[in-house]
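# Fold and contact review
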Amino acid sequence: MTSYDLSASTFSPDGRVFQVEYAMKAVENSSTAIGIRCKDGVVFGVEKLVLSKLYEQGSNKRIFNVDRHVGMAVAGLLADARSLSEVAREEASNFRSNYGHNIPLKYLSERVAMYVHAYTLYSAVRPFGCSFIFGSYDQDDGPQLYMVDPSGISFGYWGCAIGKAKQAAKTEIEKLQMKDMTCRELVKEVAKIIYIVHDEVKDKAFELELSWVGEVTNGKHELVPKDIRVEAEKYAKASFPSSVAGEEGNCSGIST
Amino acid sequence: MEGWCWALTLECLLGKSLFQVLESQSFTMNIKKVLPQLSVLPPPIPPLLSIPHRETVVNRVMNKLSLLHDKIYCALSGSAADAQTIAEMVNYQLDVHSIEVGEDPQVRSAATLVKNISYKYKEELSAHLIVAGWDKRGGGQVYVTLNGLLSRQPFAVGGSGSSYVYGFVDAEYRKAMSKEDCQQFVVNTLSLAMSRDGSSGGVAYLVTIDEKGAEEKCILGNELPTFYDQ
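Residues numbered from 1 in each chain as written. Chains lettered and ligands numbered in written order. Predicted model: local features only at pLDDT ≥ 70, side-chain atom pairs only at ≥ 80, totals over all residues. Heavy atoms only, no water.

Residues and elements named next belong to chain A. Positive phi, normally seen in glycine, also occurs at asparagine 218, with a value near 60°. In this structure, asparagine 218 sits in the loop between β9 (206–214) and β10 (222–223). The exposure class assigned to asparagine 218 is exposed, which follows from its relative accessible area of 67%. (Helix = DSSP H or I, 4+ residues; strand = E, 2+ residues; numbered from the N terminus. Buried < 20%, exposed > 50% of the residue type's maximum accessible area, 1.4 Å probe, protein only.)

Residues and elements named next belong to chain A. As for its placement among the helices and strands, asparagine 65 is situated in strand β3 (residues 63–67). For asparagine 65, a relative accessible area of 37% corresponds to the partly exposed category. It is 9.6 Å that separates the C-alpha atoms of asparagine 65 and alanine 88, two residues lying 23 residues apart in sequence. Asparagine 65 has contacts with Val70, Arg89 and His221, leaving out every residue within four places of it along the chain. Polar contacts involving the side chain of asparagine 65 include one to the side chain of histidine 221, which spans 2.8 Å. (Contact = heavy atoms within 4.5 Å. Polar contact = N/O pair within 3.5 Å; in protein donor to acceptor, adjacent residues only side chain to side chain.)

This part covers the confidence of the model for chain A. With 93% of its residues at a pLDDT of 70 or more, chain A shows a mean pLDDT of 90. Note on residues 243–256 of chain A: pLDDT under 50 across the span, and 31 contacts to partners over four residues away in sequence or across chains. (pLDDT = per-residue confidence, 0-100.)

With that settled, consider the sheet that holds strand β6 (residues 142–148) of chain A. All names here are of chain A. The strand order across the open sheet formed by five strands is β3-β4-β5-β6-β7, and the pairing between neighbours is antiparallel. Across the chains shown, the open sheet's two edge strands, defined by having one partner strand only, are β3 and β7 (154–156). With direction set aside, neighbouring strand axes in the sheet form an average angle of 25°. Judged from the three bridges that link them, β6 and β7 form a sheet pairing that is antiparallel. Within β7, the residue paired with tyrosine 146 across the bridge is glycine 156. (Pairing = 2+ DSSP bridges. Axes fitted to C-alpha atoms, helices over the stretch in contact; angles between N-to-C directions.)

On to the interface of chain B and chain A. Interfaces are often sized by the accessible area lost when the parts come together. Listed by partner, the interface residues are ten residues for chain B and 13 residues for chain A. Across the interface of chain B and chain A, roughly 980 Å² is buried in total on both sides, 47% from carbon and sulfur atoms. Looking at the side of chain B facing chain A, the largest losses of area belong to His97, Glu100 and Arg137 of chain B, adding up to 46% of the total buried there. Joining chain B to chain A, the criterion identifies three salt bridges. (Buried area = accessible area lost by both parts, 1.4 Å probe. Salt bridge = Lys/Arg side-chain N within 4 Å of Asp/Glu carboxyl O.)

Moving on, we get to the sheet that holds strand β6 (residues 72–78) of chain B. Strand pairs in the sheet, formed through backbone hydrogen bonds, run parallel or antiparallel to each other. Residues and elements named next belong to chain B. Taking strand neighbours across the sheet as the criterion, the five strands line up as β5-β6-β7-β8-β9 in an open arrangement whose pairing is antiparallel. Only two strands of the sheet have a single neighbouring strand rather than two, namely β5 (65–69) and β9 (151–153). When strand polarity is set aside, the average angle formed by the axes of neighbouring strands in this sheet is 30°. Two elements, strand β8 (residues 139–144) and β9, share three bridges in a ladder whose sense is antiparallel. Paired with tyrosine 143 across the bridge in β9 is arginine 152. Relative to the sheet, helix α3 (residues 107–120) contacts β5, β6, β7 (127–135) and β8, its axis offset from that of β7 by approximately 165°.

This brings us to the pattern of salt bridges. All told, the structure shown has 23 salt bridges over all chains when counted by the stated rule. Residue arginine 126 of chain A is joined to aspartate 80 of chain A by a salt bridge in which the shortest nitrogen-to-oxygen separation is 2.8 Å. Of this pair, arginine 126 of chain A sits in the loop between α3 (105–118) and β5 (130–138) while aspartate 80 of chain A sits in helix α2 (residues 78–99), placing them 46 residues apart in sequence. Given a relative accessible area of 47%, arginine 126 of chain A falls into the partly exposed group. Residues joined by salt bridges that share partners form a network here, namely Asp138, Asp140 and Asp141 of chain A together with Glu103, Lys136 and Arg137 of chain B.

Set out below in structure tokens:
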């Protein structure tokens, strides 16, 4: 084990690249983010842990706009994620400039994955310690959801979760019939899943970041409007009573 | 027919270097169509005048419709060398692009690629390409890229003979024509332009593109429809 994990340019005897696996551990230390694709759009939900009461509400956003029609939710080292969001933005912008139309999401996620992968090849740099979920909606292609992880692979999904509670979140997501749901119904379910997987004991306060892109927003990725978010949170809190009592005051929504 | 024979003799007499594009082609698609592309270069210079660096070659039967992708063609006009080179470059870029994206390229992509080259090198180049084709999102589309602009139109004309037929196409164009009506309209326009323009003549090339693919046709001079003057 020793000395095979010092750089990304070394394989271990059993064929693993430890640096990449450590990068994935960094993602697992971060709080959960989920993305679900439904009949007419994609909804993102992020459990944003609030480490201090002194933070301004809505700071350290974990959902980014990559292009008008593409959104990106991240988990892992936020600084790495920010610089990759710039990479994604440049890719989308160059594509539009060269080819005259919106970048297809599959292509964008492959390009970003290629970039992330490049940092897993050399000893001079470290891999990126973040995963992202890309989502978009297009009139012809419909809703699309892709995830990129630190090893540089990208897959398309109907629903996926990253971060510390990803297993629990995946179980909840699998219970949903997302192919038959609309965005409005899904927003409430996403909020509920985040509330379910949030660990009250270990992490106290959190903000729920919700965003969507779909027919309901005319193909534009944006944060869910305040009234819909409030309604979703109400539904989420009502759906599972038990241990939330007494902690109500700490769970606040973000300002849009 | 005379035009045909004359073209052959001309090919033997004149020399090489610059290609002068002189015949007309047309290009049709489902509902939208592109109209004749005719040369913008001046008529052949007699051998007695010595022009420093420009030689001309007259070819009345050159096919000015070049393929950018399976269902996207472009019509060339202006300097043949410039136009052909742009078409070749974009053909290559579209090949790579369609494999990367995993599906047939959009006509808009092809037109944007042509426009980017035309605009970037607008001082050095002298060619106008009309890009048209079929894709599953927008159906049949026609784009003009003159001097580096990009504009989608229901139909387009270009080249030296085009100025004689603007009135005709404006008056006779109908929306949602059938394929046969479209082809007839295009052939009529070409024939009128070829008869009036001194730099045009020869044969007419026609390409029809729809979701099944592209179909090329060549109509000889004596098979073109005749009008008042002919």
